[in-house]
Amino acid sequence: MGQILRAMAYDRAANERNAIQGLKLLDKSLKWHRLDDGVMGGQSETLHSFDGVLNFSGHINCNGGGFTSIRSAIPGGLSSDATGVRVTYVGDGKTYKVLFSDGNKSAFGPSRRSPSWQTDLPTKEGI
């Protein structure tokens with residue numbers, strides 16, 4: 001019952017309203033919001049900030065969920081002739097999942113969106 005109550009109390013719209021601005025793509029400012037397993041009643045926590053670089057961290061609790069994430073829409077989307085996106089990062093030795101999609105919401109999660117692309121991003125600490 002606690003998981004259902006946590007899911008009902010999770011305010012995804014507030015997370016989107018309180019998005020932080022950080023980074024630019026094609027001279028478009030990106031606004032990042034958190035989305036973690038609270039959306040389905042979990043207890044994980046996502047933290048993010050911007051101080052010249054976008055910082056992301058999370059505490060995963062596998063009781064009733066088990067994910068943390070930050071997301072941003074690309075205002076106006078990518079141009080139709082775009083052939084790639086270059087991401088520069090400094091790692092911490094963990095593996096992250098990077099997902100690009102058309103942004104349409106799906107009841108079956110981001111892997112069911114069309115079109116979409118995702119990959120695992122293994123990192124090395126400090127590199």
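Within any chain, residue numbers begin from 1 and follow the written order of that chain's sequence. With pLDDT at 70 or above as the cut-off, local features in this predicted model cover only qualifying residues; side-chain atom pairs require 80 or more to be listed or tallied, and sums for whole chains, interfaces and linings still use all residues. Only hydrogens and water are set aside; all other atoms, that is, all heavy atoms of the structure, feed into the side-chain values.

Visitor: Just checking my understanding: could you explain the packing of aromatic side chains for this structure?
Guide: Between two aromatic rings, the relevant description is the distance of the centres plus the angle of the planes. Any pair of Phe, Tyr and Trp rings, taking the six-membered ring for Trp, is counted once the centres come within 6.5 Å. Such a pair is stacked with planes under 30 degrees apart, edge-to-face with planes over 60 apart, and tilted for the rest. Throughout the structure, instances matching the rule amount to 2 aromatic pairs. A centroid spacing of 6.1 Å and a plane angle of 75° characterise the contact between Phe56 and Tyr96, whose relative ring orientation is edge-to-face. Here Phe56 is found in strand S4 (residues 54-59), whereas its partner Tyr96 is found in strand S6 (residues 95-101), with 40 residues between them in sequence. Aromatic side chains Phe100 and Trp117 sit 5.9 Å apart centroid to centroid with 35° between the ring planes, which places their arrangement in the tilted category. A residue pair is termed long-range when its members are at least 10 positions apart, and Phe100 in strand S6 and Trp117 in strand S7 (residues 116-122) qualify at 17 residues. Runs of E in the DSSP output that reach at least two residues are strands. Runs of H or I that reach at least four are helices, and both are numbered from the N terminus.

Visitor: Could you clarify how one ought to interpret the sheet that holds strand S1 (residues 20-25) in this entry?
Guide: The strands that make up a sheet pair up through hydrogen bonds in the backbone, lying either parallel or antiparallel. Strand order in the open sheet formed by 3 strands is S1-S2-S5, with antiparallel pairing between adjacent strands. Only two strands of the sheet have a single neighbouring strand rather than two, namely S1 and strand S5 (70-71). When DSSP finds two or more bridges between a pair of strands, those strands are recorded as paired. Examined bridge by bridge, strand S2 (residues 28-34) and S5 share 2 bridges and lie antiparallel to one another. Bridge pairing in S5 places Arg34 opposite Ile70.

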